[in-house]
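Analysis of the macromolecular model
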Amino acid sequence: MTENTLGQILVHNHLIDQNTLTRALKQQKNFFDQSDWKLLGEILVESGDICRTDLQAALDWQSKVFDIKLFALHSHPSVQSRLKRLLDISGAIIGITLMLILLPPITLAILLDSPGSIFFTQYRVGLRGKQFRILKFRTMVRNAERKKLEVAGKQHYKFYDVRKDPRVTRVGKFLRKTHLDELPQFVNVLRGEMSLVGTRPPTLDEVKVYSKEDWQRLSIKPGMTGLWQTSQQKYRADFKRVVELDMNYVKQWQLGLDLKVIIYTILQVVFGLQLGRHLSIRASIDRDQVTILNLPIDNLTKRQFLQQLNSGVVFTANVDHLMKLQHDQEFWQAYSQADFRTCDSQILMYASQFLGQPIRERLSGSDLFPEFCSFHRDNKNIKVFLLGGTKNVAQRAQARINQRLGRNIIVGAHSPSFGVVEKPQECLEIVDQINQHQPTVLAVCLGAPNQEKWICRYKDLLPSVKIFLAIGATVDFESGSQQRSPQWVSNLGFEWLHRLLSEPERLWKRYLIDDMPFFWLLLKQKMGFYSPPFSIHEQKEYPFRPTTLEKRM
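Right, let's walk through the structure included here. Computed from a prediction, not measured in an experiment: that's the story for all the values here. (Residues numbered from 1 in each chain as written. Predicted model: local features only at pLDDT ≥ 70, side-chain atom pairs only at ≥ 80, totals over all residues. Heavy atoms only, no water.)

**Some details on the overall build of the protein**
- A tally of helices and strands in the protein yields 28 helices and 12 strands.
- Residues counted as buried form 52% of the 553 residues belonging to the protein.
- A separation threshold of at least 6 residues defines the contact pool for the protein, and within that pool the share at least 24 residues apart is 72%. (Helix = DSSP H or I, 4+ residues; strand = E, 2+ residues; numbered from the N terminus. Buried < 20%, exposed > 50% of the residue type's maximum accessible area, 1.4 Å probe, protein only. Contact = heavy atoms within 4.5 Å.)

Structure, rendered in C-alpha cells:
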C-alpha cells in the first residue's frame, strides 16, 4: 500500500515533488535516529513546503483510499445506530460537565508538577482510517515522544505498552490511575470522532504494520472504553488478544453490550472492581458459537454437523449439564476438551434467544445418532460400538439398528454394570472388548457426567476410534425399552416434564431442585453479572488411579 502513503499522495497531486519528499523523509529519519519523532506532514508544514489546508486535504484523500480498499461498502450497524449516537452525546455532555468542574484543581496540579501544556494531543486513526487528534490531560514530561522511542524499541508488540512508562509524571500517575486524564476525550465523543464504547484507537505508527484483518477493528468508531480496556489482562495481553477482543465486539455489537461495558467501566473506575472477565461475549472468532453460562455451544445445523464430523469428541448439552458444570470441575474440563458441543434442549434454544444469540437448530443425541447412522449407511469405514444401558439393552439396540439400515454398522455392544465409571478394572476390560472389535465410532450412553468423564479418561486407549459420542438415553430409545416424548412435546420444551412423569422417583430432584437455579444464572448472564466458576488457568489433572495402572501392567 506504498502508493497510498501520505508522501505519495502529495506527490501524485503535485503538492510537492519527489525531491522534496525525499528530503523530508531523510529529515524524519534523522529525528528518529536521535530518538525523536515527527510526523511527515508536520515536517512539510514547518518547512513551508505545504500549508495545513493541503495537508488536511491529503489526509482526507488517504482516508478515502483506505475506506475503499479495506472496508465493506456498507457502514457497520453501530455507526448507523441513532440510539448509540444519542447515548454518546448524552454521555459526552455529562463527561464534559464533570471535566469543567475538575478542571481548576487538575490544571494547578499539572502545572506545579511539570511545566508545559495542560492538554496532550496525539494523532490517532479512527473510523475507516480517518485520522483525528485525541485529547487528554497531559500526564507526561516534555519530549515524551522521544522517550517513547527509547522504550518502544525494547517491546515486541504492535502497540506501545505503558506498564512501566518512564515519561509519566507523579501527577500523571495519579491521573492515569484514576482515569481522570481521559476526561477530555468526551470532547472527541461529542465531535463524533470517538464513541463511549468501541475498539482501542491506534496510533499512526501502529497502523503501519497492520494487516488487512487488523484494519477491520476500525470499521467502527474507536471508544473511550471497550472490552480491551475493561479486561483484567489489559497490560498483559499481546496484540493478537487485543485484536480478538476488538473483533468480537465488532461482530457481536449490540446496544445492550455497550451499556454493560459502560456499567463495568464505572464500577471499575469508581470502585476498583475488576469485572471485565465477566462480560458474556464469545471468545471464539473462527467458529460460530453461542455461550450459555460457562459453556460455548456450537451453532450448527444438523447438516453442517454431519458434514463436519469426521473425527473428534461430541457432547450434547442440556440444562442439567450446565448446572453440573457449575460445580463439577472434572466434568467442565471434559467438556472443554470436546471438539463439538451441540444443543440438546429446547430450553437452551429459548435461552439463546433470550441472550440475543439464537442457536440455529436443536441437535439432541437421540436425534443425531440415528441421523448419523443413516448418513453413513453406505460408508463401510463407519463401524460403531455401543456402550451403555442396563443388561442386554445395548445388544437389542444393536440388532434393531442393523436391521433398520440393512448392514452391520453396529459391530459391537456392551451393557456395563451400574456405576462402572468408578470401577477401573471393569473399565479396562471394556476397553479391551472395544479394541477387539476395532470400531471407528464409540457411542457411550452412561448418562451425564459419567459418559463424558469415561470418554476423557479412556479415549487415548482406543486407537481405532475416531469419533466419540456421548448420547445419554439414546441406547434405551433405540432398543425400544423406553419411549421418547412426542415430537410436539419436545418442540415446546416439555420433554423434561414427559421424562419426569415417566420416572418421577429418579428424576424429581434433578428437574425440580437441581436445575431450577439455571434461570437465575441465565438472568445474571443477561445482565452481565454471571461469573464463571472455573478458569481455563485452573486446569487440574485427573489421572487413572495407581491401582488401575498397576492392574493394566
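There's more to say after this.
**Observations regarding a nonpolar patch on the surface**
- On the surface, a cluster of nonpolar side chains totalling about 600 Å² of accessible area is made up of I263, F354, W520, L523, M527 and F529.
- Ranked by the residues each element gives to the nonpolar patch, the list is headed by helix 27 (residues 517–527), at three residues.
- Looking at where I263 falls in the secondary structure, it is placed in helix 14 (residues 255–271).
- Here I263 falls in the partly exposed class, since its relative accessible area comes to 40%. (Patch = residues over 30% accessible without salt bridge, like charges linked within 9 Å, V, L, I, M, F, W, Y side chains within 5 Å. Areas by Shrake-Rupley, 256 points an atom, 1.4 Å probe, with all protein chains shown as cover. Salt bridge = Lys/Arg side-chain N within 4 Å of Asp/Glu carboxyl O.)

**A word on unusual backbone geometry**
- The peptide bond linking A448 to P449 adopts the cis configuration, its omega dihedral lying at 0°.
- With respect to the secondary-structure elements, P449 resides in the loop between strand 11 (441–445) and helix 22 (450–458).
- Even without being glycine, R128 reaches a positive phi, approximately 55°.
- Inspection of the secondary structure puts R128 in the loop between strand 1 (119–125) and strand 2 (131–137).

**Section: the side chain of S78**
- For S78, the location among the structural elements is in helix 5 (residues 77–80).
- For S78, the side chain forms a polar contact with the side chain of H76, separated by 2.8 Å.
- Setting aside residues up to four positions removed in sequence, S78 forms contacts with K84, I220 and W253. (Polar contact = N/O pair within 3.5 Å; in protein donor to acceptor, adjacent residues only side chain to side chain.)

**Comments concerning the packing of helix 19 (residues 365–375) against helix 20 (residues 393–405)**
- In the contact formed by helix 19 and helix 20, the axes pass within 10 Å of each other and the chain directions differ by 45°. The orientation of helix 19 relative to helix 20 falls into the category oblique. Viewed along their axes, helix 19 and helix 20 form a crossing whose handedness is right-handed. When helix 19 is examined against helix 20, the residues F369, P370, C373 and S374 are found in contact with a partner set consisting of I401, R404 and L405.
- Here the contact of helix 19 with helix 20 is built from residues that sort into five nonpolar, one polar and one charged. (Axes fitted to C-alpha atoms, helices over the stretch in contact; angles between N-to-C directions. Parallel < 35°, antiparallel > 145°, perpendicular 65-115°, else oblique. Left-handed = near helix turned anticlockwise from the far one by under 90°. Nonpolar A, V, L, I, M, F, W, Y, C, P; charged D, E, K, R; others polar.)

**Comments concerning the pairing of strand 7 (residues 312–317)**
- Here strand 7 lies mainly inside the structure; six of its six residues are buried.
- Here strand 7 shows a buried face lined by G312, V314 and T316 and a second buried face lined by V313, F315 and A317.
- Relative to strand 12 (residues 467–470), strand 7 runs parallel, the two being bridged by four bridges. By the bridge assignment, F315 is partnered in strand 12 with A470. (Pairing = 2+ DSSP bridges.)

**Some details on empty space enclosed by the protein**
- Taken as a whole, this structure holds one cavity of 30 Å³ or more when the rule is applied.
- In this structure, the largest cavity occupies an estimated 50 Å³ of space.
- Lining the largest cavity, in full, are F305, V314, T316, G365, L368, F369, F372, L469 and I471.
- Elements supplying a minimum of two residues to the lining of the largest cavity: strand 7 and helix 19. (1 Å grid on protein atoms, 1.4 Å probe; cavity = no way out; pocket = protein on both sides within 12 Å on 5 of 7 lines; lining within 4 Å. Points joined across faces, edges and corners; volume = space filled by probe spheres on them.)

**Some points on the pairing of strand 1**
- The buried count for strand 1 comes to five of seven residues, which makes it a mostly enclosed element.
- Pairing of strand 1 with strand 2 involves seven bridges; the strand directions are antiparallel. Each residue of the ladder has a partner; that of F120, found in strand 2, is K136.
- The hairpin turn running from strand 1 into strand 2, its antiparallel successor, is five residues long, and R128 in that turn takes a positive phi close to 55°.

**Digging into the pattern of salt bridges**
- This structure, assessed with the given rule, holds 15 salt bridges.
- Ionic pairing is found between R191 and E193, a salt bridge with its closest N-O pair at 3.8 Å.
- Here R191 falls in the exposed class, since its relative accessible area comes to 53%.

**Here we look at the nonpolar core**
- Ranked by internal contacts, the top residues of the largest apolar core, which has 48 residues, are I292, F315, L348, L442, W454 and F518.
- It is helix 21 (residues 424–437) that contributes the most residues to this core, five residues altogether.
- L348 has contacts with I292, I297, A317, N318, V319, L322, C343, I359 and F518, leaving out every residue within four places of it along the chain. (Core = buried A, V, L, I, M, F, W, Y, C linked by side-chain atoms within 4.5 Å.)

**Focus: the side chain of S81**
- Residue placement: S81 occurs in the loop between helix 5 and helix 6 (82–113).
- A polar contact of 3.5 Å, which involves the side chain of S81, links it to the backbone nitrogen of L83.

The analysis is restricted to geometry; functional conclusions fall outside its scope.
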